Amino acid sequence: MSDKKELQVAALKNGTVIDHIPSDRLFTVVSLLDLKHMDTNITIGNNFESKKLGKKGIIKIADRFFTDEEISKLSVVAPNVKLNIIRDYEVVEKKQVVMPDELKGIVKCNNPKCITNNEPMQTWFHVIDKEKGLLKCHYCEKEQLKDNIKLL
Amino acid sequence: MKTVNMENRSLVTIANHSKERILYLLEMAKEFEKKPNRRLLAEKVVATLFFEPSTRTRLSFETAANRLGARVIGFTDPKVTSSSKGETLKDTIMMVSNYADIIVMRHYLEGAARYASEIAPVPIVNAGDGANQHPSQTMLDLYSIYKTQGTLENLNIYLVGDLKYGRTVHSLLMAMRHFNPTFHFIAPTELKMPEEYKLYCKEHSIKYIEHTDFTEDTIADADILYMTRVQRERFTDLMEYERVKDTYILNSRMLEKTRPNLRILHPLPRVNEITYDVDESPKAYYFQQAQNGLYAREAILCDVLGITLDEVRADTNR
């Protein structure tokens, strides 16, 4: 099944496989997880065929297990990604990305008159509605949909 | 980086204030109306930082500080400060925190006061941040309603004019949620109450009725008539502006059928939306409303510095 496809890339003994990443979001995910600064084996594949997405990306990271907080960042760009936790070549746990209650320093406020767009400071959003992806800026208090906002 | 702001008493918004908290501050304002001149802030320095000009608000805050015995420092025009040289808000706030016990700030950017309250070691009072919040205006509006009607409960409140961009009407609407009001929104279609506030009303079981006409019959049951200015620059369709511009003007003839307890409020400045013959009516209240701003702001300054209502009541020094 899908395990076979993953094996097309490389088998992983221990670590995390992030699957079902929309192809156009792959490198955003790479940057959000700060893979640039990891020194374990990382395999990044893109434009694999996917029944659901058309094309998808996969990332395999050896010997690295993410906290829920770390992966919650992905909810903004790729809410449907799946994480497989691998130990000794077996999938021991599957995780889905859950939208956190707050987003700090991940997305940019849409309001040009917001203080966060004019001062060197971190952005901060409260998630009002996880299903709709409705966010409210902690500072200017403007509500905005996550699909309309840009990553920092 | 963590600041020493152990108990942040800043006033950024009153949108989340409880009913008790609002009534508490109104009681304190009432004490200051009885006796405005006190020495409660005698050893204090109040900074008023106006990153955009607002003469009315600044004079009111500075008068409040002076009547409480504080000394006032600050600027009224950021062109003369380091902000114009590119200094960040943070640096300005940290610098002024070294000098003042409290910072009253007005800023053209939204969220500026919230941010300042998170970094400053002294309390911040928001005197308006862009189109976002202006809590001292809301407090004086509430105080004016409370004082003229004897209660905030079960009132018919008519909001007239620019309900789309009018920050004061939005804040008032939210603050009144505790008091079972019935709102009437009277506005041209282009400037009607935004959906998010109508949704807010539904979520908080606030009754409201929308009108586009503004006649003596529409306002016959009003307890409070809150007028705002319909500004030409708010219209995308200038034909529409020309058509409606004289519709939302209050004149004394329209007051004939109104209730005796009706009071007319306006955040000021007025241009032509209330004709001058209304000024003679005992129902005109907008100048006293501005005066109430002084008492509301005295209460705010004391509250953010941790001075309680009991302490204000116990204060007998001249």
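Scroll up for the structure.
A short tour of the structure in this document, coming up. (Residues numbered from 1 in each chain as written. Chains lettered and ligands numbered in written order. Predicted model: local features only at pLDDT ≥ 70, side-chain atom pairs only at ≥ 80, totals over all residues. Heavy atoms only, no water.)

### A short note on the packing of helix α5 (residues 135-149) of chain B against helix α6 (residues 167-175) of chain B
Residues and elements named next belong to chain B.
No. 1: The geometry of α5 relative to α6 is characterised by a closest axis approach of 9 Å and an angle of 60° between their N-to-C directions. With respect to their mutual orientation, α5 and α6 come out oblique. Judged by the twist between their axes, the crossing of α5 over α6 is right-handed. Each of Q137, T138, D141, L142 and I145 in α5 lies in contact with α6, whose residues at this interface are T168, S171, L172 and A175. (Axes fitted to C-alpha atoms, helices over the stretch in contact; angles between N-to-C directions. Helix = DSSP H or I, 4+ residues; strand = E, 2+ residues; numbered from the N terminus. Parallel < 35°, antiparallel > 145°, perpendicular 65-115°, else oblique. Left-handed = near helix turned anticlockwise from the far one by under 90°. Contact = heavy atoms within 4.5 Å.)

### Remarks on the interface of chain A and chain B
No. 1: Each partner contributes to the interface: chain A provides 14 residues, whereas chain B provides 14 residues.
No. 2: Carbon and sulfur atoms make up 49% of the surface buried where chain A meets chain B, a total of about 1200 Å² over both sides.
No. 3: In this structure, K113 of chain A engages E110 of chain B in a salt bridge whose closest nitrogen and oxygen atoms are separated by 3.9 Å.
No. 4: Between chain A and chain B we count 10 residue pairs in polar contact (both at pLDDT 80 or more) in total.
No. 5: Taken together, the residues that form the side of chain A that touches chain B break down as seven nonpolar, three polar and four charged. (Buried area = accessible area lost by both parts, 1.4 Å probe. Salt bridge = Lys/Arg side-chain N within 4 Å of Asp/Glu carboxyl O. Polar contact = N/O pair within 3.5 Å; in protein donor to acceptor, adjacent residues only side chain to side chain. Nonpolar A, V, L, I, M, F, W, Y, C, P; charged D, E, K, R; others polar.)

### Looking at the pairing of strand β4 (residues 82-87) of chain A
A regular strand places its side chains so that they alternate between the two faces of the sheet.
Residue and element names in this part refer to chain A.
No. 1: Here strand β1 (residues 14-22) pairs with β4 via six bridges, running antiparallel. In the strand pairing of β4, G15 is matched with I86.
No. 2: Of the strand pairs in this sheet, β4 and strand β5 (residues 90-96) are connected by six bridges, and their pairing is antiparallel. Along β5, the bridge assignment pairs L83 with K95.
No. 3: In sequence, β4 turns back onto β5 through a hairpin of two residues, with D88 there showing a positive phi of about 55°. (Pairing = 2+ DSSP bridges.)

### Regarding the pattern of salt bridges
Residues and elements named next belong to chain B.
No. 1: All chains considered together, the criterion is met by 25 salt bridges over all chains.
No. 2: A salt bridge links E62 to R58; the nearest nitrogen and oxygen atoms lie 3.3 Å apart. Within this pair, E62 and its partner R58 are both found in helix α2 (residues 55-67), separated by four residues, close to a single helical turn. The exposure classification of E62 matches that of R58, with both residues buried.
No. 3: E210 is paired through a salt bridge with K198; the nearest N and O atoms lie 3.2 Å apart. (Buried < 20%, exposed > 50% of the residue type's maximum accessible area, 1.4 Å probe, protein only.)

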